[in-house]
Structures are given as structure tokens and as C-alpha cells.
Amino acid sequence: MTGDTRNHGRTADGRGTHGEGSSAGSGIPRRRLGGGILAVGGALALTPIPLAAAAPRGGPGAGVAQGPAGTGAGMASGAHRPTLRYGSAARAGLLRGPLDQLVRDAEAYLSDSPAHPWYAGAVLLAGRGGTVALHRPIGKAVRYAAYDEKTDTGVEFPADRQIPMATDTVFDLASISKLFTSLLAVQQIERGRLELEATVASYLPDFAGGGKQDITVRHLLTHTSGFRSWIPLYKEPTREGKLRMLWEEVPTTAPGSAYLYSDLNLISLQLILETITGRPLDALLRDEITAPLGMRRTRYNPPASWKPKIAATEDARPPWSGLDRGLVWGEVHDENAYSLGGVAGHAGVFSCAWDLAVLARTLLNGGIYGRARILSEESVDLLFTDFNTDFPGDEHGLGFELYQHWYMGAMATPRSAGHTGFTGTSLVLDPTTDTFLIVLGNSVHPVRSWRSGSAPRVATANQLARAVPVAPERGRTAWFSGMASATTATLTLPPLRPRSSRPRLECALWWDTEPGSDSLVLEVSTGQGWQPVPFTTAARGPGRHRPDPQPHPTGSVSGWSGRVWHRLEADLSAWRGESLHLRWRYTTDQRYVGRGAYVGSLRVRDGAVTVFDSERPRDAGRIGATGWVLSAD
């Protein structure tokens, strides 16, 4: 089983309970891959991809506030294609305090949370640019010999047989394996051997059974095929029987009409890859990805000699497991992948944190690491481009999930890509800030029922997002809302009485919140409660260019702003002659948060007179802050 369940009840990650291109050939030419296949309404249109149009370059010196609003790429190109090395937080352009807190937050889940530990142990790795600023093992790689279902307790190995986590501990990645299958597929698209819009049945004729004749390769890569989440292939003893189950499977919805995460998509993709290349998936992985990138601890079916360095998974027995295997340690945990000989498109890859960091750096570099290129920059861009625009909340590139706060936390942006695995693993890449986070835990050790949700993933991602500094637009500090959930923070100006025909508020504004759920509102009160104040914002453009102001008639902002500073202006003429208070109110729900909000350079102009200026010490001292703090980062 490869699934991971989202806290809000929707499922993802299986997620149920259980050189120069050529136009020749059948593949999509590279110039089309990069220049402009954009998903619109679930279909593909040839148009420039705006998210990739002005990609700021990543690296330790590349701050958060880069590029115009709406750009989301930070993949390195040109000469800046770093390889990994260990270094300080400062060298990575990160703040040390949040990285230290990241470790403390992760360690909290080694204890009951609430009834049981979320994992027996984990390996944490975080970096920016070419610098790995954090690589920390916590807890145990092997702790339990068995699970006692009568007492709901783990039966521990003797202390001398327990194995602590190490930086090079190898994990069963579960559904993160899907990313490798997807990358192999995109490679074949580049080479003209696989067509994104071709039907699966054009490669696997028997696949058309059950009404699946219209499912395309793109539907497999974006989980819009209509397949249910999984079927028990392991119940069929022969490979032929398993394939028959797949051929006869009837989709639950029409292709392209709904998002439904399914292991069957990547199993089908595996069969296509093996058919068109004539090579098994494990050989493709080795030859096309891990060997070129030097990922020496990444493979299917690790040898017995690796076992002391592999994190144990579950005491797998019915009724919670489909197979009676006892303690699974050094073999794939997923029942279907196990029944397929350990090599499957949806699960089965084992790896360590450093190797996954190399993969992350390769993709953030635009497909190259050192002298090895595994994908073109144009193809990598498609991994970070949403093909599921018909299904808000289920954003998806080719194989990669995008903008998922439920495990990416405050690292989530429209271009943040990643995946999770049922065994407790996760990988998040944020091209906007050039950061990457790997959290590898053995959360089904000793049993899958001990954990739910993604709290450690969210907590660690929030801290890495917080570790990326936001330089004030002007001066040394700006007001920061914080990143607490289930809170309301207010920033209130002293009383004012505008008298001119055009009084206005001006300030610098930066925001990134969970879309729709968390918001920042500008409000006014004349003593009879608070009401919103409409305003406009304009992001900084290249050079002196500034895009046209964007209206906010509800007086609020929410979601993604490009992580750049905006200039705000609000017309206060409706309250001319009245004594009024202005305030910013930042409100979050109890689930997820974004990077927060910053306000700086607050001024109220009453005609030609500046009646309030936050850069004047006397005025600054009259601001009332509840939950907001002055921040220099």
C-alpha cells in the first residue's frame, strides 16, 4: 500500500484506507514542450507559459522577493547550476533559528502525537541553492520486532538490536517511486518514443478493455484517467492474472473529467515504458537516472547487505495488511509492488535523503547535475506546470503534485512540486526560493494505524519556509504577521481625521497565505465596528516598470502574491472629516498557513500633507500591534 491521507478528508498519494529536439517521430518536439504547452481547462493549448516567462534564478543569494508577481520558477540555468555541498545556514541564505526549530518540531513527533509516535525515526534534509544546511537523523531506524494488536503496543527489539537513524539510512519511498516513473516517461517523450496525448491502448492494445480506450498518457501522469485508487493485484498469483485485472478494470469516471489519485496510473505507465524500450523498469531507473546522477543508494530490491542500513517498516499481517509477511525490513512494503517482484511503477524504490537531494537539485537546475543531464529545461518546466486547471486543489504537473499545503505547508506555491509516500516519506521543491526539503520517516513501524495526516511534514516545511528571509522593502524592518494557525493578528494605526478631497493610505505589502482560508484585510472604524477598505496593489516589475494596479474591492488579499513586495494605495475619501482608525487584520484557520504577511512604509497622505509616516519614530511608536512583530528578515 502506498497511500497517504490528507488531513481534510480528501485523498492523495494512494490515498485510500488501504540536446536539440527534433520534430520527427511521434513524440512532442522539445520546442513545443518548452514554448508552450499549457493546460487550460484540462486540455492543452499552444501558448507561452506565463509562470516560466521570467524565472528568477535560484541560489543562496536569491532572496524571496524576486521577479514580477505571477512568476513561480526559480530553476537555475546558464552558469548557475550548483552541485550539493554541506554548508552553514548563512551560506545557504537561510536563517539558522527556524532550521533549529525544524529539528525540534520533527523530534516532537517521536513521542505520542497524540496516542502514538508518528514515526519511530526520521532523516531530515533541508537546503537552498547548492548548500545542504541541515541533514539530521532522529529516532530509530529499527525499533520494533512486532505489533501486539491486543494491547495496541509495539513489541520492541532488545536495546542492543535496535538501530538508530543515520544520515545515510535507506528508506522504502513508497509513492515517491511514482516520480521516478514519471521522469522516465518524460525522457521518452523528449526522445520521440512516447506521445503525451496518445492513448495508452496505442501502446498496450489489451488496455482498451473495460472502456479504457480513450485514456491517454497525460491522464496517467496527472491522475485524471478515472481509475480508482487501487485494486488488490496481489491476490492474483501470476503476472498474467494481474494484467488481466488491469485490462478488465472499468474506470469510475470518464477520462479527463475528474481527479482521482491511483496507483494503477503508474503501473500502466510502467508497462508502456517497458514495452517501448524493451527494458525492465529497474534497469531504466539505473541507466537513465540513478547512474548518471551518482545516486548510488537508490534502487529497486536492495541487496541483503544493505539491510542493516535500511529503516524497517510494518509488521504486516491481516487484517490491516493484505499479506501475512511479519516484519517487513529491506523489502518493499506495498503489497502490489511486492507481488510484482518488488519492481513497480507506483512503489518499490528505496533511497536515502542525500540521493533525493541530488534529484531535487537536478530538477531545480533545470534537469542537469554536474555533467549529467537527464531532462531538458523545457521538460523540467512541465513538471512544475499545472495540467489540472479544471480541478482546483488538485494541481498537478507531469507526475509531480503542485501547491499542496496539506504536506508542503508554507513551502506551497503554484510551482512548488513534490510527493509523499505511505511509509512516511516526502519530498518538496520550491523553485521560487530554490529550496528543497526531504523528510524520510518510518511511520508504519510497527503498524500503519499508528499515524494519520501529515503533521510532521507540514511543521518542517513551515520552518524551512520561515528560514527564507524576506528583506524589508525599505529600511531595516517591516511588520510581520507571524505564521501561527487559528489566530487573528491586528496592526492598528492611531486615530486620524482626513480633511482633503483625496486622502489615501500607502504602504508596501507582501503576502502569502493558504488560498481562500487565510486572509489579510484592510479595515476602517469610525467607532461603529469595522468595515473593509477597498485598495489596489501593484507588484514591482523589472527595472522601473510597474504592472497595472490590481483592484481588491473586498479590501482583502489571500493566496499567492508571487512572494514579492507590492505597493498598495487605498482611497480614504469616503471617510473625509471623520475620526477613524485603520488596521490590518490577518486571520488564519486551524489547518495550514502560508509564509504570512508583511507591511512596511505605512503612510497616510491628506492631500499634500503626510499626516502619518511609520518611518517617523513618533508615528511608529503609536502603532498598536497584536500578534504582529517588527521583523528584520
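As a reminder, the structure under discussion sits directly above these lines.
Conventions adopted
- Throughout this description, residue numbers start from 1 for each chain and increase along the sequence as written.
- Totals for whole chains, interfaces and linings use every residue, but because this is a predicted model, local features are given only for residues with pLDDT of at least 70 and side-chain atom pairs only at 80 or more, for both listing and counting.
- For the side-chain quantities, the full set of heavy atoms in the structure was used; hydrogens and water were omitted.
- What makes a nonpolar core is a set of buried Ala, Val, Leu, Ile, Met, Phe, Trp, Tyr and Cys residues whose side-chain atoms join them at distances within 4.5 Å.
- Only protein chains enter the accessibility calculation, which uses a 1.4 Å probe; a residue is then buried when its area is under 20% of its type maximum, exposed when over 50%, and partly exposed in between.
- A helix here means a DSSP run of H or I that spans at least four residues, while a strand means a run of E at least two residues long, and both kinds are numbered starting from the N terminus.
- N or O atoms within 3.5 Å of each other form a polar contact, as long as, within protein, one can give a hydrogen and the other can take it, and as long as residues adjacent in sequence are counted only when both atoms are side-chain atoms.
- Contacts: residue pairs with any heavy atoms within 4.5 Å of one another.
- Criterion used throughout: strands pair if DSSP finds at least two bridges between them.
- For this document, the term salt bridge refers to a Lys or Arg side-chain nitrogen within 4 Å of an Asp or Glu carboxyl oxygen.
- We call Phe, Tyr and Trp rings a pair once their centres come within 6.5 Å, taking the six-membered ring for Trp, and we label the pair stacked below 30 degrees between planes, edge-to-face above 60, and tilted otherwise.
- Any Lys NZ or Arg CZ found within 6 Å of a ring centre and within 35 degrees of that ring's normal is scored as a charge over the ring.

**Q** I'd like to hear about the nonpolar core, residue by residue, with values.
**A** Formed by 131 residues in total, the largest nonpolar core has its most connected members in Ile 272, Leu 383 and Phe 436. Core analysis: the second largest hydrophobic core is formed by 30 residues, Leu 520, Val 533, Ala 570 and Leu 602 among them.

**Q** Any details on the side chain of His 445? Residues and values, ideally.
**A** Tracing the chain through its elements places His 445 in the loop between strand S21 (435–441) and helix H13 (455–467). For His 445, a relative accessible area of 3% corresponds to the buried category. Here Tyr 144 takes part through its backbone nitrogen, which lies 3.0 Å from a polar atom of the side chain of His 445. Discounting residues that sit within four places of it in the chain, His 445 has contacts with Ala 120, Ala 141, Val 142, Arg 143, Tyr 144, Ala 312, Thr 313 and Leu 327.

**Q** Can you lay out the pairing of strand S33 (residues 609–613) for me, pointing to particular residues and giving the numbers?
**A** As defined by bridge partners, strand S32 (residues 596–606) adjoins S33 across 4 bridges and the pair is classed as antiparallel. For Arg 605, the partnering residue across the bridge sits in S33 and is Thr 610. Hairpin connection of S32 to S33: 2 residues between the antiparallel strands, including Gly 607 at a positive phi of 70°.

**Q** Before we move on, could you go through the pattern of salt bridges and cite the residues and values that matter?
**A** Per the counting criterion, the structure on display carries 34 salt bridges. The shortest N-O distance in the salt bridge between Glu 149 and Arg 317 comes to 3.4 Å. Note that Glu 149 is positioned in the loop between strand S8 (144–148) and strand S9 (153–156) and Arg 317 in the loop between strand S13 (315–316) and strand S14 (326–327), a separation of 168 residues in sequence. For Glu 149, a relative accessible area of 41% corresponds to the partly exposed category. Of the charged contacts, one joins Glu 236 and Arg 244 as a salt bridge, the two residues approaching to 3.5 Å between their closest N and O atoms. By sharing partners, the salt bridges in this structure join Arg 191, Arg 279, Arg 286, Asp 287 and Glu 288 into a single network.

**Q** Go over the packing of aromatic side chains, please, and point to the residues and values.
**A** Scanning the entire structure with this criterion turns up 13 aromatic pairs. Aromatic pair Tyr 86 and Trp 354: ring centres 5.0 Å apart, planes at 45°, arrangement tilted. Note that Tyr 86 is positioned in strand S5 (residues 85–86) and Trp 354 in helix H10 (residues 353–364), a separation of 268 residues in sequence. Trp 354 sits in the partly exposed class, given a relative accessible area of 24%. Aromatic ring contacts, followed pair by pair, group Tyr 144, Tyr 147, Trp 320 and Trp 450 into a single cluster. Above the face of the Trp 329 ring, Lys 307 is positioned so that its terminal group lies 4.6 Å from the ring centre. A cation over a ring is seen here: Arg 325 above Tyr 338, with NZ or CZ 3.6 Å from the ring centre.

**Q** Before we move on, could you go through the pairing of strand S27 (residues 535–539) and cite the residues and values that matter?
**A** For S27, the buried fraction is high: 4 of the 5 residues fall into the buried class. In the sheet, S27 pairs with strand S28 (residues 550–552) via 3 bridges, with the strands oriented antiparallel. In the sheet register, Phe 535 faces S28, and the bridge partner there is His 552. The sheet contact formed by S27 and strand S30 (residues 566–571) spans 4 bridges and is antiparallel. Residue Thr 537 lies in a different strand from S30, and its bridge partner there is Leu 568.

Limitation: the analysis is restricted to geometry and does not speak to function.
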